[in-house]
Structure formats: C-alpha cells, structure tokens
Amino acid sequence: MTMLTHFYSRINFALNRLGNAADQKRSVARVVVLLAVIASGLSSCGFQLRGTGQTTILLESVYLNAIDNSGALARELIDSLEQSGVEFTSNGNAQVSIRLDRERFSRRPVSTTGQINVAEYELTLEVGFEVLTRGGDVLIPPTRIRTERIYTFDSSSLVGSNEEESLLNEEMRRDVIGQLLQRINASMKAAQAPQPAG
C-alpha cells in the first residue's frame, strides 16, 4: 500500500468518525483528530520523492540487513527509499549498510473513565538500527528510535477503535522511518563536510 493510500484511508476513517459523533464535544474532538491526520499525512510525504522542497534523501544505494525482512517496518522503509530513487544492492557495493532490528510495539492504559474502563491508551514503537559505510566504518553507532501516540478508546465502537489503533501504528512506522532517514542524512552531511586544516 502506498503512502497516498495510507493518507486517503486515514482521512476517510476520520471523516466517518466525525459523521457518527453523538454530541458537540465529541465532534470537536473528531475535528482535532482530522486536522492532526491531515498534518501528519502531509509531513509523512517528506521522504517519498527527491526535490519536493521538503527532505531530499542523500543516499544513492543501500544494503538493508533487517532481522525481519518481511516485517511491516522493513517493507515501509524499502518502499520509502525506492520511491526516492535509492537503489538496493549487495553489501560490498552499497553506499551504506543499514542494520535494522525487529520493531517492538507496546500499549498501556494512561487514563480511565468513571466506570474504571480504559479511556486512553499510549502506543509505543521502538526499533534499533546501525549504519555502516561501504568501507565498514561506523556512520551511525547502534541507536534506538522511539515514538509514541495516545488515542481514546471507544468501548461502544470496538471496530472503530481497532481501526484507529491500526492507523496510528502505520503512522508511527512512518515517523520512525522519517527519523532514521533524517539521522542518516545528518551523518552523511557531517562526514562529507570538509575538515579544517590541522
């Protein structure tokens, strides 16, 4: 599924939730959710294409060494890089080698209702990675990226709450990938910067 499809599905889901709002307070909350979805969807496009005026990926070729090559995070990273024109190649020929750990999701309650039912959950996604240059030098040492989201659990609409959690999981993966690529860009710029004469 492409980034555009993700974006469309999130807007459609938010609009449906708006249409089913029971009172004004819930309607206001849904509008806030919709605005956040739109803003997130626009920002998540930053790594899709070169020269969009947002973030340009400096990589030309990469070797991905993912513990879970078929996992959702690895697939999302591959899609983002391929859409930006980055070539996937063997370890010895790649500009950099990315070692990607398995993603770790967690969910915990952060607030309850008057009836002691869970009202809000905090979702957390964490993943470790390391980046090496073609020559085997460490570009980025073993590092962990973590991102969180909080969402309201609606016990009267379990399907809607499950869909919202799934969409937030996808958004968190894109957030992690964005952070990873920003760090690679920053490290490559630093490595390519001329060193002061000593």
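Here the residue numbering is sequential within each chain, running from 1 through the sequence in written order. The predicted origin of the model limits local features to residues at a pLDDT of at least 70 and limits the giving and counting of side-chain atom pairs to 80 or more, whereas totals for whole chains, interfaces and linings rest on all residues. By convention in this description, side-chain values take in all heavy atoms of the structure and omit both hydrogens and water.

## Focus on the overall build of the protein chain
Reasoning step 1: Where helices and strands are cited, they refer to DSSP runs of H or I of at least four residues and of E of at least two residues respectively, numbered from the N terminus. Scanning the protein chain for helices and strands turns up four helices and six strands.
Reasoning step 2: Along the protein chain, helices and strands appear, N-terminal first, in the series α-α-β-α-β-β-β-β-β-α.
Reasoning step 3: Each residue's exposure class comes from its accessible area (1.4 Å probe, protein chains only) as a fraction of the maximum for that residue type: buried when under 20%, exposed when over 50%, partly exposed otherwise. Burial analysis of the protein chain (198 residues in total) assigns 40% to the buried set.
Reasoning step 4: What makes two residues a contact is simply this: any of their non-hydrogen atoms within 4.5 Å. Taking the intrachain contacts of the protein chain between residues at least 6 apart in sequence as the baseline, contacts between residues at least 24 apart amount to 66%.
Reasoning step 5: Throughout, the Shrake-Rupley method with a 1.4 Å probe supplies accessible areas, and for residues the shown protein chains are the sole cover considered. Summing over all exposed atoms, the protein chain offers an accessible surface of approximately 11000 Å²; the carbon and sulfur share of this is 52%.

## Quick notes on the pattern of salt bridges
Reasoning step 1: Salt bridges are defined as contacts in which a side-chain nitrogen from Lys or Arg sits within 4 Å of a carboxyl oxygen from Asp or Glu. This structure, assessed with the given rule, holds 11 salt bridges.
Reasoning step 2: A salt bridge links arginine 99 to aspartate 101, with the shortest nitrogen-to-oxygen separation between them at 2.4 Å.
Reasoning step 3: On the basis of relative accessibility, which here comes to 26%, the residue arginine 99 falls in the partly exposed class.
Reasoning step 4: Using a relative accessible area of 19% as the deciding quantity, one classes aspartate 101 as buried.
Reasoning step 5: For arginine 108, the salt bridge is made with glutamate 122, and the minimal N-O distance between the two is 2.9 Å. Placement of arginine 108 in strand E4 (residues 104-112) and of glutamate 122 in strand E5 (residues 118-133) is noted, with a sequence separation of 14 residues between them.
Reasoning step 6: You can call arginine 108 partly exposed: its relative accessible area is 44%.
Reasoning step 7: Here the salt bridges do not stand alone but share partners, grouping Arg99, Asp101, Glu126, Glu130, Arg144, Arg146 and Glu148 into one network.

## A short note on the nonpolar core
Reasoning step 1: The biggest cluster of nonpolar side chains holds 31 residues, and the ones touching the most others in it are Leu100 and Ile184.
Reasoning step 2: Breaking this core down by element, the ones donating at least two residues are strand E1 (61-66), helix H3 (72-83), strand E3 (96-100), E5, strand E6 (138-152) and helix H4 (158-192).
Reasoning step 3: Broken down by element, the residue count for this core peaks at eight residues, all from H4. Note on terminology: a nonpolar core comprises buried Ala, Val, Leu, Ile, Met, Phe, Trp, Tyr and Cys residues joined through side-chain atoms within 4.5 Å.

## Concerning H3
Reasoning step 1: Expected helix span is given by 1.5 Å per residue-to-residue step, counting one fewer step than there are residues. Compared with an ideal rise of 1.5 Å per residue, which puts 12 residues at 16 Å, H3 spans 16 Å between its outermost C-alpha atoms and is within 8% of the ideal.
Reasoning step 2: Here H3 has its buried residues at Leu73, Ala74, Glu76, Leu77, Ser80 and Leu81. Summarising the axial view, the buried residues of H3 lie within an arc of 160 degrees, below the 170-degree limit, and thus occupy one face.
Reasoning step 3: Among the residues trailing H3, glycine 85 stands out with phi positive, at a value near 85 degrees. Within this analysis, the arc is defined by the directions that extend from the helix axis to the C-beta atoms.

## Description of the confidence of the model for the protein chain
Reasoning step 1: The share of residues in the protein chain with pLDDT of 70 or more is 63%, and the mean pLDDT across the chain is 76.
Reasoning step 2: Each residue carries a pLDDT score, the predictor's confidence in it, ranging from 0 to 100. For residues 17-32, every residue scores under 50 in pLDDT, and the model assigns this stretch 13 contacts once sequence neighbours within four places are set aside.

## Focus: the packing of aromatic side chains
Reasoning step 1: Within 6.5 Å between ring centres, the rings of Phe, Tyr and Trp (the latter by its six-membered ring) count as paired, and their orientation is classed by plane angle as stacked under 30 degrees, edge-to-face over 60, tilted in between. Enumeration over the complete set of coordinates arrives at one aromatic pair.
Reasoning step 2: Where tyrosine 121 meets tyrosine 151, the ring centres are 6.0 Å apart and the plane angle is 25 degrees; that geometry is what we call stacked. With tyrosine 121 in strand E5 and tyrosine 151 in strand E6, this residue pair connects regions lying 30 residues apart in the sequence.
Reasoning step 3: The class of tyrosine 121 is buried, set by a relative accessible area of 13%.
Reasoning step 4: If you follow arginine 107 out to its NZ or CZ, it ends over the ring of tyrosine 121, 4.1 Å from the centre. We call a charge positioned over a ring when the NZ of a Lys or the CZ of an Arg lies within 6 Å of the ring centre and within 35 degrees of the ring normal.

## Examining the environment of alanine 72
Reasoning step 1: Its location among the elements puts alanine 72 in helix H3.
Reasoning step 2: The class for alanine 72 is partly exposed, based on a relative accessible area of 22%.
Reasoning step 3: For the pair alanine 72 and arginine 173, spaced 101 residues apart in sequence, the C-alpha to C-alpha distance is 8.2 Å.
Reasoning step 4: Excluding anything up to four places from it in sequence, alanine 72 contacts Glu103 and Arg173.

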